[in-house]
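Structure assessment
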Amino acid sequence: MPLNELPEGCIANALSFTTPQDVGRLSAVSPIFMSAAVSDVVWERFLPRDLESILSTSPDGSRLLASAASKKELYFSLCENPVLVDNGRKSFSLEKKSGKKCCRLSARDLLITWGDAPRYWTWNSDPASRFPEVAELISVCWLEIRAKINTSMLSPTTLHTAYLVLKFSRDTYCDGLDDQPVEVAMKLDGEESCTRTVSWNTERRRGQERGDGWLEIELGEFLTKEGKDEELEIRVFDSSSHWKRGLIVEGIEIRPKQGARGATRSRMHRMDFILGIGM
């Protein structure tokens, strides 16, 4: 049977075995592909299975579920407009190319040593932040930030990268945030998965890379496993003798590693098999 004579539902089902990026490309093949590419059958497959459970913890998420006119609209809304969940302590979104989950932990969701002591840290609102509060460093010598998250909040069998999202105060000279080494450790269920050393000053020299007023420091990578919910622990530690100030922390973001799309080729081959292309 010629490809253009296949039922639209068959093509939509085949497209659902590819990726969102592939669907965008394939929709240009022919009018029937373009029509099939907007089907709920396609975009429901790209949405996380536990999406309703995640969004139900958020008034904004519940409203989005109720108001989205289609699965495609819901998908792209989650790509472009992160939703605050877990009582506003985290934000949830999707990576546009793959549909993989992205999660940002707010500063309030982190354990910051002496974070509740006004002598050392202060909590402010920032119009550039997606969260109600950010943490601003007044002055410390011992700087330690910890985070914990269950990997069930993330996509399975995916290589992820974690980033500290921060900027530096314009009103305060960032004393002590120079080239001293900053230690980073990541553990999955208590087992070391990544250790590295980074520098505050490297990020200051790079400037505003993200385009949203924030910088990011790459903390490390880890791989989530299928059907296994593990606890990820992250520790950022600067114990140099220099007193530090002028750092503003928005949170820690975890997202799929760029370029890690090993499943794409096999999923395209699966679509070829379903449609009988190249057989």
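Refer to the preceding data block for the structure.
Residues numbered from 1 in each chain as written. Predicted model: local features only at pLDDT ≥ 70, side-chain atom pairs only at ≥ 80, totals over all residues. Heavy atoms only, no water.

Helices and strands together make up the secondary structure of the protein chain, namely nine helices and 13 strands. Sorting the 279 residues of the protein chain into buried and exposed places 47% on the buried side. Element-wise, carbon and sulfur atoms account for 49% of the exposed surface of the protein chain, whose accessible area totals about 14,100 Å². (Helix = DSSP H or I, 4+ residues; strand = E, 2+ residues; numbered from the N terminus. Buried < 20%, exposed > 50% of the residue type's maximum accessible area, 1.4 Å probe, protein only. Areas by Shrake-Rupley, 256 points an atom, 1.4 Å probe, with all protein chains shown as cover.)

Turning to its location among the elements, L111 is positioned in strand β4 (residues 111–112). Take L111: its relative accessible area is 56%, and that puts it in the exposed class. Along the primary structure L111 and E144 are separated by 33 residues, whereas in three dimensions their C-alpha atoms are 8.3 Å apart. Once residues within four sequence positions are removed from consideration, L111 is found in contact with E144, I145 and R146. (Contact = heavy atoms within 4.5 Å.)

Now for the pattern of salt bridges. Tallying each qualifying case throughout the model produces 21 salt bridges. For D86, the salt bridge is made with K90, and the minimal N-O distance between the two is 2.6 Å. For D109, the salt bridge goes to R89, with nearest N and O atoms at 3.1 Å. Note that D109 is positioned in the loop between β3 (101–106) and β4 and R89 in the loop between β1 (83–85) and β2 (90–94), a separation of 20 residues in sequence. R89 gets classed as partly exposed once you look at its relative accessible area, which sits at 33%. (Salt bridge = Lys/Arg side-chain N within 4 Å of Asp/Glu carboxyl O.)

Before going further, it helps to spend a moment on the sheet that holds strand β9 (residues 181–188). Taken in spatial order, the five strands make up an open sheet running β4-β7-β12-β9-β10, and their pairing is antiparallel. Each end of this open sheet is capped by a strand with a single partner; those strands are β4 and β10 (191–199). As paired elements, β9 and β10 share eight bridges and run antiparallel to each other. Within β10, the position partnered with P181 by the bridge is S199. (Pairing = 2+ DSSP bridges.)

Take the side chain of D126 next. With respect to the helices and strands, the residue D126 is situated in the loop between β5 (121–124) and β6 (134–137). Within the local environment of D126, its side chain forms a polar contact with the backbone nitrogen of A128, the two atoms lying 2.8 Å apart. Excluding its chain neighbours within four sequence positions, the residues that come into contact with D126 are V134, K167 and W214. (Polar contact = N/O pair within 3.5 Å; in protein donor to acceptor, adjacent residues only side chain to side chain.)

Residues W121, L164, W200, L219, L247 and I254 are the most contacted members of the largest nonpolar core, which totals 40 residues. Ignoring anything within four residues of it in the chain, the contact list for I254 reads K101, C102, C103, L105, I149, L154, H160, T161, A162, F222 and L232. (Core = buried A, V, L, I, M, F, W, Y, C linked by side-chain atoms within 4.5 Å.)

Turning our eyes to something else, we now look at a negative patch on the surface. The grouping of D189, E191, D229 and E231 at the surface amounts to a negative patch. Residue position: E191 is located in strand β10. For E191, a relative accessible area of 60% corresponds to the exposed category. (Patch = residues over 30% accessible without salt bridge, like charges linked within 9 Å, V, L, I, M, F, W, Y side chains within 5 Å. Lys, Arg positive; Asp, Glu negative; His and termini not counted. Charge placed at Lys NZ, Arg CZ, Asp CG, Glu CD.)

Another point: the packing of aromatic side chains. The relation between two aromatic rings is expressed through the spacing of the ring centres and the mutual angle of the planes. Taken as a whole, this structure holds seven aromatic pairs when the rule is applied. Measuring from ring centre to ring centre gives 5.0 Å for W43 and Y75, while their planes differ by 55°; the resulting arrangement is tilted. Of this pair, W43 sits in helix α4 (residues 40–46) while Y75 sits in helix α7 (residues 71–80), placing them 32 residues apart in sequence. On the accessibility criterion, Y75 (0% relative accessible area) is buried. Arranged with centres 5.2 Å apart and planes meeting at 80°, the rings of Y75 and F76 form a pair that is edge-to-face. Owing to a relative accessible area of 24%, F76 belongs among the partly exposed residues under this scheme. Ring pairing ties together the aromatic residues W43, F46, Y75 and F76, which thus form one cluster. For the cation-ring pair, R108 lies above W123, with the distance from its terminal atom to the ring centre recorded as 3.8 Å. For R255, the ring lying beneath its charged end belongs to Y163, and the centroid distance is 3.9 Å. (Phe/Tyr/Trp six-rings, centres within 6.5 Å; stacked < 30°, edge-to-face > 60°. Lys NZ or Arg CZ within 6 Å of the ring centre and 35° of its normal.)

Let's shift gears to the packing of helix α6 (residues 59–67) against α7. Think of two packed helices as two axes; the pair is described by the angle between the axes and how far apart they sit. Where α6 contacts α7, the axes come no closer than 9 Å and their chain directions differ by 150°. With respect to their mutual orientation, α6 and α7 come out roughly antiparallel. Of the residues in α7, those in contact with L64, L65 and S67 of α6 are E73, L74, S77 and L78. Broken down by class, the residue content of the contact of α6 with α7 amounts to four nonpolar, two polar and one charged. (Axes fitted to C-alpha atoms, helices over the stretch in contact; angles between N-to-C directions. Parallel < 35°, antiparallel > 145°, perpendicular 65-115°, else oblique. Nonpolar A, V, L, I, M, F, W, Y, C, P; charged D, E, K, R; others polar.)

On to unusual backbone geometry, then. The phi dihedral of D86 falls on the positive side, at around 55°, and the residue is not glycine. Overall, the relative accessible area of 31% leaves D86 in the partly exposed class. Located in the positive-phi region is D189, a residue other than glycine, with phi close to 50°. Overall, D189 belongs to the partly exposed group, its relative accessible area being 43%.

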